[in-house]
Amino acid sequence: PSALREVLLEVPNVHWDDVGGLEEVKRELREAVEWPLKYPKAFQRLGIEPPRGVLLYGPPGTGKTLLAKAVATESEANFIGIRGPEVLSKWVGESEKRLREIFRKARQAAPTVIFIDEIDAIAPARGSDMNRVTDRLINQLLTEMDGIERNSGVVVIAATNRPDILDPALLRPGRFDRLILVPAPDEKARLEILKVHTRRVPLADDVDLRELAKRTEGYSGADIEALVREAALTAMRRIMEELPAELVEEESEEFLDMLRVSRRDFE
Ligand code: ATP
């Protein structure tokens, strides 16, 4: 079985406005990734090297994967996503070959964003346990990254919740030398995220997103997405109970019209 066949090229469809808040992060990614991929000649003309690797770090569920997909979409680039843990487990014995294939495929399909989620799984500091396997993998990754040519249209974005345990060699110039914090959302960002996730949800007039933003202190973007989904299901459950069964069964106009998420569904 060829390793190549399993390298999944994706054309994501996530746009900047699907990412709530994080304005500063979006701006940085635009300049560090989107501009070099879209305007390689301008970078050549200016005589500056775009980063080969960008590390997104921050708490879980804050939109790191979403951002990587958004920057790929907005750069009209292909996207290859891999996860640190799968490189170690699913690819046993052929991890290095797979990594090589991924970079080869990325060059071939350029512009391409390679996204490595949970990179800390393959990159605990050398010398720690699992060291033999991860050593070889890190070396392979470093070799591949060092081999990314100027303006080749390949950029690597990695994500981690644990930047502190990464091998420092990964962070050297020419590798992941752009570190971007993706913070937990503050109240203003939570409001933006709520707006994103209720864009297609019919809300009753009593729903106050500002108030919800206030009340969701400590929620990540992923938590907010789950909250909205739960509220929608609560509304559905409630409305199904209120209506005669026949109207529900045939998905009548009345039923569909009544499907509105109210304030109480968020309780
Ligand atoms: P992890 O560290 O667990 O891999 P992550 O930072 O990569 O998490 P994502 O996978 O991007 O987080 O987020 C999970 C889901 O949460 C997204 O698919 C999205 O629906 C929602 N989400 C997270 N952050 C945001 C955001 N800023 N705006 C809109 N949706 C968000």
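Refer to the structure printed above.
Residues numbered from 1 in each chain as written. Predicted model: local features only at pLDDT ≥ 70, side-chain atom pairs only at ≥ 80, totals over all residues. Heavy atoms only, no water.

Enquirer: I keep staring at helix H6 (residues 95-108) and nothing clicks. Help me out?
Expert: Given a rise of 1.5 Å per residue, 14 residues ought to cover 20 Å, and the 20 Å separating the end C-alpha atoms of H6 matches this to within 8%. When H6 is considered as a whole, its buried residues turn out to be Ser95, Arg98, Leu99, Glu101, Ile102, Phe103, Lys105 and Ala106. (Helix = DSSP H or I, 4+ residues; strand = E, 2+ residues; numbered from the N terminus. Expected span 1.5 Å × (residues − 1). Buried < 20%, exposed > 50% of the residue type's maximum accessible area, 1.4 Å probe, protein only.)

Enquirer: What should I look at first to understand the pairing of strand S3 (residues 112-117) in this one?
Expert: Within a regular beta strand, the side chains point alternately toward one face of the sheet and then the other, so they alternate between its two faces. Here S3 lies mainly inside the structure; 6 of its 6 residues are buried. Alternating residues of S3 divide into Thr112, Ile114 and Ile116 and Val113, Phe115 and Asp117, and every residue in both groups is buried. Relative to S3, strand S2 (residues 78-83) is paired through 6 bridges, and the arrangement is parallel. Counterpart to Ile82 in the pairing with S3 is Ile116. (Pairing = 2+ DSSP bridges.)

Enquirer: Looking at this structure, how should I read the site of the ligand?
Expert: Gly20, Gly61, Lys64, Thr65 and His197 are the nearest of the 18 residues found near the ligand. Backbone polar atom of Gly61 to an oxygen atom of the ligand: 2.9 Å apart, as the coordinates give it. Surface burial for the ligand is 81%, taken as the share of its 630 Å² of free accessible area covered by protein chains. For the shell around the ligand, the elements supplying multiple residues, two or more each, are helix H4 (64-74), helix H8 (187-197) and helix H10 (221-242). Here the residues of the shell around the ligand are counted per class, giving 6 nonpolar, 8 polar and 4 charged. (Near = heavy atom within 4 Å. Polar contact = N/O pair within 3.5 Å; in protein donor to acceptor, adjacent residues only side chain to side chain. Areas by Shrake-Rupley, 256 points an atom, 1.4 Å probe, with all protein chains shown as cover. Nonpolar A, V, L, I, M, F, W, Y, C, P; charged D, E, K, R; others polar.)

Enquirer: Explain the side chain of Thr160 here, please?
Expert: With respect to the helices and strands, the residue Thr160 is situated in strand S4 (residues 154-160). Assessed through its relative accessible area of 2%, Thr160 is described here as buried.

Enquirer: Can you help me understand the pattern of salt bridges in this one?
Expert: Opposite charge on two side chains lets them pair, provided their charged atoms get close. For the structure shown, the criterion picks out 21 salt bridges. Residue Arg215 pairs with Glu267 through a salt bridge whose shortest N-O separation is 3.5 Å. Taken together, the positions of Arg215 in helix H9 (residues 209-215) and Glu267 in the segment after helix H12 (253-258) put the pair 52 residues apart, joining distant regions of the chain. Taking relative accessible area as the criterion, Arg215 reaches 42% and is therefore assigned partly exposed. We classify Glu267 as exposed; its relative accessible area is 64%. (Salt bridge = Lys/Arg side-chain N within 4 Å of Asp/Glu carboxyl O.)

Enquirer: In this structure, what is going on with a nonpolar patch on the surface? I would like to understand it.
Expert: On the surface, a cluster of nonpolar side chains totalling about 240 Å² of accessible area is made up of Leu233, Met236 and Met240. Inspection of the secondary structure puts Leu233 in helix H10. Its relative accessible area of 41% is what places Leu233 among the partly exposed residues. (Patch = residues over 30% accessible without salt bridge, like charges linked within 9 Å, V, L, I, M, F, W, Y side chains within 5 Å.)

Enquirer: It is not clear to me how the nonpolar core should be interpreted in this structure. Could you clarify?
Expert: Note on soluble globular proteins: their nonpolar side chains tend to be buried together. The biggest cluster of nonpolar side chains holds 27 residues, and the ones touching the most others in it are Phe103, Ile116, Ile119, Leu141 and Phe176. Secondary structure elements with two or more residues in this core: S2, helix H5 (84-89), H6, S3, helix H7 (131-146) and S4. Of all the elements, H7 adds the most residues to this core, at 5 residues. For Ile116, the contacting residues outside a window of four places in its chain are Ile82, Ile122, Leu141, Val156, Ile157, Ala158 and Ala159. Counting residues in hydrophobic clusters, the runner-up holds 25 residues, among them Val19, Val113, Ile157 and Ala159. (Core = buried A, V, L, I, M, F, W, Y, C linked by side-chain atoms within 4.5 Å. Contact = heavy atoms within 4.5 Å.)

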